[in-house]
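# Architecture and fold: a report
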Amino acid sequence: MELDELIARESIRDLVARYNAGADGGRFDEVLELFAPDAVMDITTEVFNGRDEIEGLFRRTQQRVLDAKPSPGERQYVRHFTATLQIDVEGPDAARSRCYYQVIMAHGLDHWGRYIDRYRKVDGVWRFAQRKVTTDGHTDRSAFA
């Protein structure tokens, strides 16, 4: 494996971690910067093109989380966990990956599935070019059912 491929892989791992942490913290301006300007977000039931539409999805999701009422004494939160990140570097400016995710909220496991991503370099920095979100399941209390 060449040094450029190692740098690409580590940059993509960092990109996925920053997406999780930023989205969980509601820092959507930071999260949007992780996407190429013309990126596509596919959540199976809808497709969002470009940062403006993706921002709309994030704001709508934030409202769903706020509307999900935790039990008395619980504080509402969202935590994304990703695992088994498999990265394929396709060239100096293109890569793809797939991984599993779980979303934990105050009531416990909420929903889970897979991210299937494509990346490209924009001004020398790895960005999401496309993120496909599949949901394999959810609990009865899911805010996203």
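In what follows, the structure referred to is the one given above.
Let me sum up the structure you'll find in this document. As the structure is a computational prediction, the values presented were derived from the model and not from experiment.

## Side note on the pairing of strand 1 (residues 35-42)
Bridge count between strand 1 and strand 6 (residues 125-138): four bridges; the pairing is parallel. Considered in strand 6, the bridge of Val40 is made with Gln130. Inspection of the sheet shows strand 1 paired to strand 2 (residues 47-49) by three bridges, in the antiparallel sense. Bridging across to strand 2, Val40 finds its partner in Asn49. Linkage of strand 1 to strand 2, two consecutive antiparallel strands, is achieved through a turn of four residues, within which Thr44 is found at a positive phi near 75°.

## Brief notes about the environment of Phe81
The topology assignment puts Phe81 in strand 3 (residues 78-91). Residue classification places Phe81 among the partly exposed residues on the basis of a relative accessible area of 46%. Apart from the residues lying within four places of it in its own chain, the contact partners of Phe81 are Tyr100, Tyr101, Gln102 and Ile104.

Conventions used here
Residues numbered from 1 in each chain as written. Predicted model: local features only at pLDDT ≥ 70, side-chain atom pairs only at ≥ 80, totals over all residues. Heavy atoms only, no water. Pairing = 2+ DSSP bridges. Helix = DSSP H or I, 4+ residues; strand = E, 2+ residues; numbered from the N terminus. Buried < 20%, exposed > 50% of the residue type's maximum accessible area, 1.4 Å probe, protein only. Contact = heavy atoms within 4.5 Å.

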